[in-house]
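Observations on the three-dimensional arrangement
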Amino acid sequence: MRPARRGRRAIRLVLSVVLLVMLAADPAHAAWSAAATGPAAARAVTMPTGSAPAAFVSGTDVTVRWPAATMSDGTAVEGYRVERVDANGNAAPVAAACAGPITGTACVEHGVPAGTWRYFDTPIEGNWLGVRSSPGGPVTVAAG
Amino acid sequence: MGLRSERARHSGVPARVLAVAAAVVTVAATAVASTPVASAARESFTISGAVGGLYPGLTTLLRVQVTNREQFAIVVTSVVTTVEDAAPSCPATYLSVAPFAGAVRVAVGASAPVELTVTLRRAAPRGCEGATFPLLYHGDARRA
């Protein structure tokens, strides 16, 4: 092969390599990473306030009912805490059926001591407690 | 005369041809090495978005907007979110944001939504009530 011909072949070879390299550099294959800017946050809600309960006396049983409380998306809260206070506002322990988180919107307290009582309810969601309701109307349990 | 030139002479390829070719290949290779890679000074796209209404146990969608700042369409392939503490009493560990992996095309100068799944753990303490978690997004994209 003549030297001039070999030179042209070499140039073609080199240009082919360059073309391949340039194709590899094609931005179509480029990739980027980026960190975000601007506001970004996840906000938690505050708990709802309970609604005042109503109470009904039957002997020494008291049925307590209250309106459902909901979270911001309309989902009912998972439970409630029920409290009872005497005429002076002193808290009294509630009976088992109303003690602890109540998953519904009513409970019946059995064997309530004689006296005048008011009830409250407080929404619960997980470890969160809502705002205690205003007191329901007073109910009087007569001595048994 | 060096070894390369010696071989070139024996193969019939002029040494200066190889020298020029080597220089061209070097330039092309440099172009590959500097193919667009993200840097803080050059944001190819931005990510922003917030979510609210979180409460213990809730899993919901966090819709972020990816805005393309390039002069060509891009495909967003991943978005990863870093959550920061909302407060000392509400550490980031209580909030999780699932990473996005997929392909979302974003036209030139346009924005497109990317949906992330966010969960506030049921065990979130009361300190998280009403709290705001700062979020930091990081994304990857390629040219469409």
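Residues numbered from 1 in each chain as written. Chains lettered and ligands numbered in written order. Predicted model: local features only at pLDDT ≥ 70, side-chain atom pairs only at ≥ 80, totals over all residues.

**Structural notes on the overall build of chain A**
Broken down by element type, chain A carries 1 helix and 10 strands. When the elements of chain A are put in sequence order from the N terminus, they spell out α-β-β-β-β-β-β-β-β-β-β. Relative to its full complement of 144 residues, chain A shows a buried share of 28%. (Helix = DSSP H or I, 4+ residues; strand = E, 2+ residues; numbered from the N terminus. Buried ≥ 20, exposed ≤ 12 C-beta atoms within 10 Å, placed from the backbone.)

**Structural notes on the overall build of chain B**
Secondary structure assignment for chain B yields 2 helices and 7 strands. Start at the N end of chain B and walk to the C end: the helices and strands fall as α-α-β-β-β-β-β-β-β. Expressed as a percentage of the 144 residues in chain B, the buried residues total 28%. Here the analysis covers contacts within chain B between residues at least 6 apart in sequence; of these, 69% occur between residues at least 24 apart. (Contact = placed C-beta atoms within 7 Å.)

**Let's talk about the sheet that holds strand β4 (residues 61–65) of chain A**
All names here are of chain A. Ordered in space as β3-β4-β7, the 3 strands form an open sheet in which the pairing is antiparallel. Single-partner strands in this sheet number two, and they are β3 (54–58) and β7 (106–109). Averaged over all pairs of adjacent strands, the angle between strand axes in this sheet comes to 15°, irrespective of strand direction. When β3 meets β4, the two strands line up antiparallel, connected through 5 bridges. Note on β4: the bridge partner recorded for V57 is V62. (Pairing = 2+ DSSP bridges. Axes fitted to C-alpha atoms, helices over the stretch in contact; angles between N-to-C directions.)

**Topic: the pairing of strand β1 (residues 45–54) of chain B**
Sheet topology note: the strand β2 (residues 40–44) of chain A/β1 of chain B ladder contains 4 bridges and is parallel. Within β1 of chain B, the residue paired with A44 of chain A across the bridge is L54 of chain B. The pairing of β1 of chain B with strand β2 (residues 59–68) of chain B spans 4 bridges and is antiparallel. Its bridge partner being in β2 of chain B, I47 of chain B is matched across the sheet by V66 of chain B.

**Comments concerning the environment of G59 of chain A**
Residue position: G59 of chain A is located in the loop between β3 and β4. Sequence separation of G59 of chain A and V45 of chain A is 14 residues, and the distance between their C-alpha atoms is 41 Å.

**Remarks on the confidence of the model for chain B**
Residues and elements named next belong to chain B. Mean pLDDT over chain B: 78, with 71% of residues reaching 70 or higher. Summarising per-element confidence for chain B, the mean pLDDT is lowest in helix α1 (residues 3–11) (34) and highest in strand β4 (residues 95–97) (98). Confidence drops under a pLDDT of 50 for residues 1–41, and excluding neighbours within four residues, the segment shows 45 contacts in the predicted structure. (pLDDT = per-residue confidence, 0-100.)

**Focus: the confidence of the model for chain A**
Overall, the predicted model of chain A reaches an average pLDDT of 86, with 83% of residues at or above 70. A low-confidence stretch, residues 23–28 of chain A (pLDDT under 50), is modelled with 8 contacts involving residues beyond four sequence positions or located in other chains.

**Points about the environment of V57 of chain A**
Considering the arrangement of structural elements, one finds V57 of chain A in strand β3. C-alpha separation for the pair V57 of chain A and P93 of chain A, spaced 36 residues apart in sequence, amounts to 17 Å.

**Describing the environment of A50 of chain B**
Counting through the fold element by element, A50 of chain B comes out in strand β1. Using a count of 16 C-beta atoms within 10 Å as the deciding quantity, one classes A50 of chain B as partly exposed.

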